[in-house]
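# Observations on chain architecture
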Amino acid sequence: MGSRGLQRRMLQVFSLWLRGGQIMCQQTGIVALSCGSSSFSTQTTEHAQPVLQHKKSVLVRDYIHSALYDPQSGYFFAKAEAVGTISEPIQFSLLQGRKAYLQHLNDLYKQNNVSWFTPIEIFQARFFPWYGYAIAEYILRTLVPASPLNIYEIGGGTGTCASNILNYFRTKAPAIYKNLTYTSVEISDALALKQQARVGAMSHSRHFQIRHGSASDPNTWGTVNTAPCFIIMLEVLDNLVHDLVYRKTLTSDWNETWVTESAPGSYREELQPLEDPLIKRCLDVISQNPHTRSSSSIISAAKSTLSQFVSLSELAWIPTGCLQMLETLHKFRPNMVLIISDFSSLPDITVAGTGAPLVASKEAGQTKDHSSYLEAKGNADIFFPTNFGLLQQLDSYVAERASGKDGLSERLSTVTSAEFMEQCADVEKTKTKDGYNPLLEDYSNTKFYISFPE
């Protein structure tokens, strides 16, 4: 059996293993677009710093990319401490329960003045980092025997995940560790330095390297490499750029949204006829789901009838950044296993549109939510919920185009984070005194997505 056949078999074993074969795959479906009776409302805001870099108008995704990743003023560059580390691991067994755990987290945020502690940071035990070890355990169970282990991590934060996984293999599988290569794909120079320092402090430098740049950029990956590999993305999709599309009625043509500088430091949205090829591809994939077309035919017919009497406008955020990254990954690392974890929903979103982001800033431990993404420039995070059904649909679409084969749905699975951890982590070690387990219960709005090559 070849390496790809063996990987498919391992995915089938893993699927049967989780919940007795009942994989919790979210059904793919078209993005549910919001409807309203008013026309598109233009938002305007002002910033002290320039955003468009001498361009008078850019697509929404380019504006968001600048707001987050601009080397001079983007959020992940201007706020080097946006992603925090916990110096003293949380001792869960000493906490009484959920209330004590949340209070402890709140205290940590105030003490460190950071915007975000990732799950991999929170679940650091003194000797056994449960979250990182769970991912390493899954890789160990599903890797191709006798092949050198190549792991890529996109957006590796402060290097905690890399250190955890490398520690795990050095301890649990030294023969595999000997030929293991761990590559961080990192767009932020500041975070890349932190990763190198953290991994180096654990004496893993010989196995660790960094590719500087965007994971969506073909230049970051170099030449096509067909060797089997694992690609890890933890809380990465939520910060990938999206586009905003609008149509006045259900039968109208789609429009793409641009951000225009109306005056120095002042920005507003403008609608333009749909022309961007990436937006067109993304909308085309969304509209091609046969399950959605058949299951919602009555609803669609009702909307069509209603639209003759009422103007039903549709406004939606679509994951063009995700589609672009998947296209790059499938081209340059075609035999990859994707391990993705992210938020399936986010609370208290006030930005307009279906699939809209949460825009938030944090100072002195206090979070401030913003009602418009145009308010974010270096001081605020912009992060989106992940529609895992749509993720599966996009991944299947890209994989089928890259391979020239149809019907690859069996190679994909989505499970809740709790299901993944129950099978791959020692969940007894993260319980509080009263039995509350934050590893299983605190991140109920997160999921894991696993994708094997055909």
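None of the values given here were measured: they were computed from a predicted structure. (Residues numbered from 1 in each chain as written. Predicted model: local features only at pLDDT ≥ 70, side-chain atom pairs only at ≥ 80, totals over all residues. Heavy atoms only, no water.)

## Quick look at the packing of helix α11 (residues 277–287) against helix α14 (residues 320–332)
- At their nearest, the axes of α11 and α14 sit 9 Å apart, and the two run at 95 degrees to each other. In this view, α11 runs roughly perpendicular relative to α14, as classed from their interaxial angle. Here Leu278, Ile279, Arg281 and Cys282 of α11 lie close against α14, whose contacting residues are Thr320, Leu323, Gln324 and Glu327. (Axes fitted to C-alpha atoms, helices over the stretch in contact; angles between N-to-C directions. Helix = DSSP H or I, 4+ residues; strand = E, 2+ residues; numbered from the N terminus. Parallel < 35°, antiparallel > 145°, perpendicular 65-115°, else oblique. Contact = heavy atoms within 4.5 Å.)

## Brief notes about the packing of aromatic side chains
- One pass over the full model with this rule turns up 19 aromatic pairs.
- On the numbers, 5.5 Å between centres and 20 degrees between planes, the contact of Phe92 with Phe123 is stacked. Residue Phe92 is located in the loop between α3 (75–78) and α4 (98–112), and its partner Phe123 is located in the loop between α5 (119–122) and α6 (130–142); the two are separated by 31 residues in the primary sequence.
- Here the aromatic residues Phe92, Tyr101, Phe123, Tyr131, Tyr138, Phe420, Tyr436, Tyr443 and Phe448 are joined through ring pairs into a cluster of three or more. (Phe/Tyr/Trp six-rings, centres within 6.5 Å; stacked < 30°, edge-to-face > 60°.)

## Comments concerning unusual backbone geometry
- Located in the positive-phi region is Ser203, a residue other than glycine, with phi close to 65 degrees.
- The topology assignment puts Ser203 in the loop between α9 (189–201) and β6 (208–212).
- Although it is not a glycine, Glu235 sits at a positive phi angle of roughly 55 degrees.
- Mapped onto the secondary structure, Glu235 falls in the loop between β7 (229–234) and β8 (243–247).
- Its relative accessible area of 12% is what places Glu235 among the buried residues. (Buried < 20%, exposed > 50% of the residue type's maximum accessible area, 1.4 Å probe, protein only.)

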